[in-house]
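Given next are the chains, with one letter for each unit.
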Amino acid sequence: MASPYMQFDADTGGNIQLESALNPFKFADSRKDEVYQMLRNMTSTMHQRKLMHQSLPLHMRRRAMSYEVNRLPRKFRVVHTAQFSKSGVSEKKKRPSRKFRRKAHNLLKEYERRKRAFVWLETHVWHAKRFRMSSRWGYKIPLTPYNKCYRSSYRATSKHCLMHDLSYEGCVEVSGPETLLMEGLRRLCSERTGLTVAAKAYTAGHRAGFAWLYEDGAYPYNCLGKVRFVWRASGAGDNTERRTIWMFAHPTFYRQLVEQLVKVFQLKNALRATNQTIEDITRNPTDIRCPRYTSESSGVEVVELKDTLNRFHLTGPLAHATIVKTFRLFTPPTQTNTSHRTWFNDFIDTTPKYNKILTQQSSYWTDIKDLTSPGELSPGEVIALLVQDPRLNRPNRRTKALPDVPARYNFTSAVLPQLAQPRAIRSFSPMWDETVRRRITEEMKTTHELNQLHSVETLIPEELSVSETHLQPLPILLLQSPGSQDADYKRLGYGSSWEVIVPAGYGLAVWHSLVIWGAKSVGQKELEMIALESGVDRSDVPDTMLGKEEAVHKQSEALNRYFNRPNNKRVNYTKLAIASPFLCPWTQLVREWNNAQNGSDRPFFVLRDQEILAKLKLALDRKFNIHSIGLSPDALVPVLLTLKTRGNPGNNAIICLPNRGDFRTNKHNRMTAIHGPVYVEPARKDPHGPERIVLRAQHLTMLKRLRNRRVREKKRLQRANPGVLVRIPKANNRALVEEQLKRMSELWLPATPETVRNQCTRECFGYVTQGGFSLSEGTVNGIGYVTAKGLVKLFKICTKGTIKVLVRGTRTRGYRFATIRLTF
């Protein structure tokens, strides 16, 4: 046997010798047929089960070959491209590199493209890196921060400073003769709800306020919403007979407010000749930034200033100190070079008395800068300031702004110093001038330009350069809110705040400065927490346009979450006797309490009459007869609920009337230290359960039958066309699936319940729109609304003691007692 190491026949005694030289032409000719056969097999589509990149040897395969053709050997790329073109896969184009995409001019182009669908606030890029963003009301607004913030947000409202961007609320400027403005604005509000827009306390321009607006002559029905307003103060050189007012409205009813103003003052579009209807008058092209509506006969003019002003809301005791540290008062230079002239110099030339006004405003601000809370000032005070560019007054790192308490309050003296009395012209500001605001925006230097100037001209650290000292000043407007005024419910001053209004362009600069001086920024969800803590409903008022839109939006989200769960994970609200778990059916509730017919669509309204609410408050204290008040049957009474025992009913909880047995059970539970519910709703049977099971089985069987039919059709076509990739259209089952979903939804949650008042064993006469644990009170509180007739019946049941109601959440069968108070 030959050795395994012997490779040739001659070594074993044979006659075959190894050639000393290899002929390449002869060798290639002998291998030609083999290579040709291999290539033909690889390119053949007959009985081919693998793609080209799958047919290569293992050592030649790469992970990226399936989508990157350049990873294949050059001679196989044509076959690979042909195979993918037959499969219908689109060719993937190379994405630009991240370095290219992150260039400044490319970023700006991308931002402009993304702004087309939703308007971005000036602070959007800052928020988008730190917040969950939401598309609401035509804007991209911050929803909630990524970090945990619920308790820290409450601490900021009670001890520090909380900040929110309210720039999405649009501003409407109304100007004209004072008498005509007063008459027209009184038609949109009512004196029975409190001080109106035309009240003497506000018309001087020294105070800002809130007002409920309605459609023209429709009070108390058809409420638009709550607006923040401020009148322009009369200053040097102003026409005292012609006045101007700013009104800030939520985007949900901003357009309706403009239409009502056009209707009341009989205005026409200043930029278009066609003025047939209200909708035609107020319809403007998107490229018009500030639409105008005028009346030649009366001289009244309405200008939409939407997205031209930045408005920041600062809440908490340190809000005043944060503003003091952020804004440094501007000192006018004695002489100004021609190259350094700004809008301020031109404004001084036209209004020479502004120098004296500016001195008095600076003196007043110096007197009050050491206050420990905005609540120490007069309610609704308006202060106008002229400050330096806030980018010149920033610390190196984030610093909490604190008031100088020893300098302000000398506790060693027997009598505390008096607060400085407000000046009559403290609210006069050049920011009311449209030309000034436009120049401020256009002449603003970017942060990049400031950094370049600082790096070139600054010789001493922390000192301003020559160019920085000649930057244009910034006019701002401060609107104060007093916060809580009822010590029985909430400590005085809680929720006091400042609103900072700055011109367009300076939004991000001011926002950065406020953040670096210690203000905590929050989103929309944290505003709901503030509303619950303060006891003032902000976005869920049932008769306003914002409340209706928010209710529909929350119901849609809740229904999607509910039906995305499998059947065995859904709460069966039929068994819990909950007719509408995700929406408060106010219209049906009021109709059933009024014993009206199902076809009648009589509207309801939220009671805001201050006189009636004051009498109701006395009636809750057993000091007034509720029957002599004369409540309207269409009214919903706003109430504040406080649970007496454990439990958190949450939003959309039902408010029910108790009976005598519930009071006895509650007394027994308190004596025996039992913390359970006073009554448990008996479980109901679901009459639609068997029907849902049958429908679901039939639907799945039908889908399976249709799928099998498509599979058989594909196999038949494949047999008829061997070697050809067969494609059949996708299943067209959308209409079938949507019809099944609609039928199942009605069986789970009927869109129109049979009854709301008698949906359970206790009569329902109201709903909790917002409920949760109050960190300031240490109890579970809720903001809700009850029907007027149900409240009258409650007084008949609760003949002595504290007025109590039963509250039950949508996911429980237990009823618990809660006390009620009125909210004004």
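Summarised in this report is the structure supplied together with it.

Rules used in this analysis
- Residues numbered from 1 in each chain as written.
- Predicted model: local features only at pLDDT ≥ 70, side-chain atom pairs only at ≥ 80, totals over all residues.
- Heavy atoms only, no water.
- Salt bridge = Lys/Arg side-chain N within 4 Å of Asp/Glu carboxyl O.
- Helix = DSSP H or I, 4+ residues; strand = E, 2+ residues; numbered from the N terminus.
- Buried < 20%, exposed > 50% of the residue type's maximum accessible area, 1.4 Å probe, protein only.
- Expected span 1.5 Å × (residues − 1).
- Arc of directions from axis to C-beta.
- Contact = heavy atoms within 4.5 Å.
- Disulfide = S-S within 2.5 Å.
- Pairing = 2+ DSSP bridges.
- Phe/Tyr/Trp six-rings, centres within 6.5 Å; stacked < 30°, edge-to-face > 60°.
- Lys NZ or Arg CZ within 6 Å of the ring centre and 35° of its normal.
- Patch = residues over 30% accessible without salt bridge, like charges linked within 9 Å, V, L, I, M, F, W, Y side chains within 5 Å.
- Areas by Shrake-Rupley, 256 points an atom, 1.4 Å probe, with all protein chains shown as cover.
- Lys, Arg positive; Asp, Glu negative; His and termini not counted.
- Charge placed at Lys NZ, Arg CZ, Asp CG, Glu CD.
- Polar contact = N/O pair within 3.5 Å; in protein donor to acceptor, adjacent residues only side chain to side chain.

Under the counting rule described, the total for this entry stands at 32 salt bridges. For Lys32, the salt bridge identified is with Asp29, shortest N-O distance 3.8 Å. Linking Lys32 with Asp29, this pair stays in helix H1 (residues 24-43), spanning three residues, or about one helical turn. With relative accessibility at 49%, the residue Asp29 sits in the partly exposed group. Close ionic contact of Arg136 with Glu550 constitutes a salt bridge, the shortest N to O distance being 2.7 Å. Taken as a pair, Arg136 in strand E2 (residues 131-136) and Glu550 in helix H21 (residues 545-564) lie far apart in primary sequence, 414 residues in all. For the pair Arg136 and Glu550, a shared accessibility class is recorded, and that class is buried. Through salt bridges with shared partners, a single network forms among Arg341, Asp346, Asp349, Arg439 and Glu443.

Of note, the amide linkage connecting Tyr219 to Pro220 takes the cis form, showing an omega dihedral of 5°. The topology assignment puts Pro220 in the loop between strand E6 (208-214) and strand E7 (223-231). Not every positive phi belongs to a glycine, and Gln266 is a case in point at roughly 55°. Mapping Gln266 onto the fold places it in the loop between helix H10 (251-265) and strand E9 (268-269). One non-glycine residue with positive phi stands out, namely Asn652, at about 60°. By the element assignment, Asn652 lies in the loop between strand E18 (635-643) and strand E19 (653-656). In this structure Asn652 comes out as buried when scored by relative accessible area, which is 17%.

With 15 residues, helix H27 (residues 734-748) extends 21 Å between its outermost C-alpha atoms, agreeing within 8% with the 21 Å of an ideal straight helix rising 1.5 Å per residue. Those residues of H27 that sit buried are Gln740, Met744, Ser745, Leu747 and Trp748. Summarising the axial view, the buried residues of H27 lie within an arc of 160°, below the 170-degree limit, and thus occupy one face. Opposite the buried face of H27, by more than 90 degrees, sit the exposed residues Arg734, Ala735 and Lys742. Against the buried residues of H27 lie H21, helix H22 (573-576) and helix H26 (689-720).

A separate point is the state of the cysteines. What is meant by a disulfide is a covalent connection between two cysteines, made through their sulfur atoms. Tallied over the entire structure, the rule returns zero disulfides. Free of any disulfide, Cys656 has its nearest cysteine sulfur in Cys760, 4.2 Å distant.

Looking now at the sheet that holds strand E5 (residues 170-177). Pairing in this open sheet of seven strands is antiparallel, and the strands run E6-E7-E8-E5-E11-E10-E9 from one edge to the other. Two strands bound the open sheet, and with one partner strand each, they are E6 and E9. One ladder, built from four bridges, connects E7 with strand E8 (residues 242-249); its direction is antiparallel. The residue bridging Phe229 from the neighbouring strand is Met247, located in E8.

Here we come to the packing of aromatic side chains. All told, the structure shown has 24 aromatic pairs when counted by the stated rule. Measuring from centroid to centroid gives 5.7 Å for Tyr562 and Tyr573, while their planes differ by 40°, and the two rings are tilted. Of this pair, Tyr562 sits in helix H21 while Tyr573 sits in helix H22, and the two are 11 residues apart along the sequence. Like Tyr573, Tyr562 is buried. One aromatic cluster is present, formed by Phe330, Trp343, Phe344, Phe347, Tyr354 and Phe428 through successive ring pairs. Lys140 extends its terminal NZ or CZ atom over the ring of Phe118, reaching a point 5.6 Å from the ring centre. In this arrangement the basic side chain of Arg608 is found over the ring face of Trp212, its NZ or CZ atom lying 4.0 Å from the centre.

A few words on a positive patch on the surface. Judged by side-chain charge, Arg132, Lys525, Arg561, Arg565 and Arg811 come together as a positively charged surface patch. Tracing the sequence through the fold places Lys525 in helix H20 (residues 524-534).

Here we come to the pairing of strand E22 (residues 779-787). A regular strand places its side chains on the two faces of the sheet in alternate fashion. Counting buried residues along E22, eight of its nine residues qualify, which places the element largely inside the surrounding structure. Of the pairings in the sheet, the one linking E18 to E22 comprises seven bridges and is antiparallel in character. Note on E22: the bridge partner recorded for Leu640 is Ile783. Note that strand E21 (residues 764-774) and E22 share eight bridges and pair antiparallel. Its bridge partner being in E22, Ser774 is matched across the sheet by Thr779. What sits between E21 and E22 in their antiparallel hairpin is a turn of four residues, with Gly778 showing a positive phi close to 75°.

Summarising the element assignment, Gln361 is placed in helix H14 (residues 354-368). On the basis of relative accessible area, Gln361 is assigned to the buried category, the value being 2%. Of note is the side chain of Gln361, whose polar atom sits 2.7 Å from the backbone oxygen of Phe428. Those residues in contact with Gln361 that sit more than four places away from it in its chain are Tyr354, Ala384, Leu385, Ile425, Arg426, Ser427 and Phe428.

This part takes up the environment of Tyr214. In this structure, Tyr214 sits in strand E6. Sequence separation between Tyr214 and Pro374 is 160 residues; the distance between their C-alpha atoms is 30 Å. Residues in contact with Tyr214, not counting those within four places in the same chain, are Leu188, Thr193, Tyr219, Pro220, Tyr221, Asn222, Cys223, Leu224 and Arg608. Of the polar contacts made by the side chain of Tyr214, one reaches the side chain of Arg608; its length is 3.0 Å.

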